Amino acid sequence: MGSVALKDIRKSYGAVEVLHGIDLDIADGEFTVLVGPSGCGKSTLLRSIAGLETISGGDIILDDTKINTLQPKERDIAMVFQNYALYPHMTVAKNMGFSLRLSKVDKDEIDRKVRAAAEILDLTPLLDRYPRQLSGGQRQRVAMGRAIVRDPKVFLFDEPLSNLDAKLRVQMRSEIKELHQRLKTTTIYVTHDQIEAMTMADKIVVMRGGHVEQIGSPLELYENPASVFVAGFIGSPSMNFVRASAGADGIEYADGHWLGRPAAAIAPGRAVIAGFRPEDMRLADTGLPARVALVEPTGAETQLVLRTGQDSLVMTTRERVTQKPGDLVHVVVSEGKLHCFDADTERSLAPGAAPA
Amino acid sequence: MNEQPRVLYWTMLSLIGLVIAVYILFPVFWLFLASFKTQAELAQLPINFWPQTPTLDAYAALFSDTHQKGQLLDWPRLIGNSFFIAVTSTIIVLIFGTFAGYAFARLQFPGRDLILGGLLISRMFQGAALLLPTYRLMSMIGLQDSLIGLVLLYSAFGLPFATWIIASSLREIPRELEESAMMDGASRLQSMVLVVLPLATPALITAAMWHFVGAWSEFAFASILLESNENKTVTIGLASFVELFTLEFQYVGAAATIVALPIMLVFFFGQRYFTRGLLAGAVKG
Ligand SMILES: Nc1ncnc2c1ncn2[C@@H]1O[C@H](COP(=O)(O)OP(=O)(O)O)[C@@H](O)[C@H]1O
Ligand SMILES: [Mg+2]
């Protein structure tokens, strides 16, 4: 078992508060990803759960037990660090068995558990090597191995893939995901990479400036972002945002062109921020006029950069694009794909969107 | 193109280095050779550089019971005293320096960096200026003419620098290693002993060597604090030759060789760590 509940977690360094009251419930076995820009407090939150930081307020509850003041070693939580933090003077096997040696498990048992973990992670031939003799990906796996031999209640990962090259990152991403499907251990995973978040998470927690901005499944966040921030953060290329206003029959761009219908009625005349994803736009005979600035074929898709009024829009399409830079085109937003946000609070105006 | 000036430059530099080395080492070497000569040969003119009939008589005399006849000091005893003082104070300095260094490297407390810097500065106030006050102090607490007194004194003198070396090197060890150990179930002490200290070995060896050599060769404080013959150290023994036998250089040579030997051994075996440890400390201060 390993369910985690965070209640109004606060953390200050001196007079500076960096976590401003985080509430979060994580079910047993869930793969939760904390995502947000650098400096938003992800690591601080993770380290607080680990017990490496003392929180200034709130409660951390693991399976109905308050663990706020427990030492890291008393929490039954394992952590994989960004730089792996392998013990340089111990072999792979010793690294992996370290926690078991500390808890005085007998030698044969340690050996058995280390071998089992090594088997899962393809580390068997490397057991006698030292960390300096391993590649980045192998070190990463040893760090994971060290966590899984303990069979803890919760795994914590702090940007574990950020030191790997792009190709290895994709590979390790699926390995971690597979490992989770196999072990079903509650996992909290920190990253600043929204693609990692989208591909790995059961539940994504988007953080910003020490607050939780939105919590939801990857598709919930993609389809119903609660704010301009989340909308822009999730999805690649990012959502387009333009200043617009509500008209009698829907949302109008600054020049009066119709963009689409909002999900819920908005009082006519109200200023909004309209958002639409690059993949939800298409070229048409009528619609918002724009000039092509760039055409970037990527194979399966083509990415277009368009200029209209003050705005620069990105759209992607799977159709053949014959237009050239400089051409005038018309774009429309697919039905039901227009997101509207309050012009001041930047919160979503869709029904059911969480209030600020 | 500029190959030639460079060769010239290095040749000149090497030559100058050689001259300086010979200038400094020649008397030492002469003394070393003298330890294998007989009294007669030393008195002979013109002076022989190489021993004519090499003999270990001088060494034998130092280790025999000639002291009982009042001719020589009790050298086995002097060596034992010096070893006792150097080894014991090295152990003390290592133990306290490790814990203090760890605290400076890892814990937050007000004035930490200031105090750590102060440790280095405190080295400047050692030496002659402290001789008399130290003598007064040690007499007051009844520790003059006592080996234990000297052990404590050397430990106190050596601790700041050892702490500084160890703290500087511990700072280079990533915090995550310890945090990882703590997540793995280690207490702070366990993470220090099982993870941090093995990685700090070069610094610990450097600190130990530095202190051992310093304590082994210290003269000024030993000479004013130790009075009785059975408490004297090798450096006092060496100095006493000045009064004892101005002409019997074979004894001086043999004693100097014995005194230099541990220092050379320490440097020979510890060299690797010594330079590494000092550099490790030097990059980040
Ligand atoms: N030890 C510390 N002392 C003071 N401020 C800190 C400390 N650690 C982190 N911070 C601050 O807390 C904020 C959150 O940091 P962090 O949790 O590392 O962000 P993230 O992991 O999301 O990039 C940052 O503004 C950072 O400067
Ligand atoms: Mg971080």
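Because the structure is a prediction, the values reported are computed rather than measured. (Residues numbered from 1 in each chain as written. Chains lettered and ligands numbered in written order. Predicted model: local features only at pLDDT ≥ 70, side-chain atom pairs only at ≥ 80, totals over all residues. Heavy atoms only, no water.)

**A look at the site of ligand 1**
All names here are of chain A.
Argument step 1. Around ligand 1, a shell composed of Tyr13, Val18, Pro37, Ser38, Gly39, Cys40, Gly41, Lys42, Ser43 and Thr44 is seen.
Argument step 2. Side-chain polar atom of Tyr13 to a nitrogen atom of ligand 1: 3.4 Å apart, as the coordinates give it.
Argument step 3. Side-chain polar atom of Thr44 to an oxygen atom of ligand 1: 2.5 Å apart, as the coordinates give it.
Argument step 4. Computed on the free molecule, ligand 1 has an accessible area of 560 Å², of which 56% lies beneath the protein chains in the complex.
Argument step 5. Take the shell around ligand 1: its biggest share by element is three residues, from helix 1 (residues 42-50).
Argument step 6. Looking at the shell around ligand 1, its residues break down into four nonpolar, five polar and one charged. (Near = heavy atom within 4 Å. Polar contact = N/O pair within 3.5 Å; in protein donor to acceptor, adjacent residues only side chain to side chain. Areas by Shrake-Rupley, 256 points an atom, 1.4 Å probe, with all protein chains shown as cover. Helix = DSSP H or I, 4+ residues; strand = E, 2+ residues; numbered from the N terminus. Nonpolar A, V, L, I, M, F, W, Y, C, P; charged D, E, K, R; others polar.)

**Considerations on the side chain of A:Thr317**
Residues and elements named next belong to chain A.
Argument step 1. In this structure, Thr317 sits in strand 18 (residues 311-317).
Argument step 2. Among the polar contacts listed, one links the side chain of Thr317 to the backbone nitrogen of Glu319, at a separation of 3.0 Å.
Argument step 3. Discounting chain neighbours no more than four positions away, the residues touching Thr317 are Ala300, Glu301 and Thr302. (Contact = heavy atoms within 4.5 Å.)

**Digging into the domain arrangement of chain A**
Residues and elements named next belong to chain A.
Argument step 1. When the domains of chain A are assigned, the result is domain 1 (4-229) and domain 2 (237-342).
Argument step 2. Of note, the centres of domain 1 and domain 2, computed from C-alpha atoms alone, are 39 Å apart.
Argument step 3. Around 540 Å² of area is buried between domain 1 and domain 2 when both sides are counted, 63% of it from carbon and sulfur atoms.
Argument step 4. For domain 1, the biggest contributors to the area lost against domain 2 are Tyr222, Pro225 and Val228; these three give 84% of the whole.
Argument step 5. For the interface between domain 1 and domain 2, the tally reads zero salt bridges.
Argument step 6. Our count for the contact surface shared by domain 1 and domain 2 stands at two residue pairs in polar contact (both at pLDDT 80 or more).
Argument step 7. In terms of residue count, helix 7 (residues 218-223) provides more of the side of domain 1 that touches domain 2 than any other element does, three residues in total. (Domains from an automatic or database assignment. Buried area = accessible area lost by both parts, 1.4 Å probe. Salt bridge = Lys/Arg side-chain N within 4 Å of Asp/Glu carboxyl O.)

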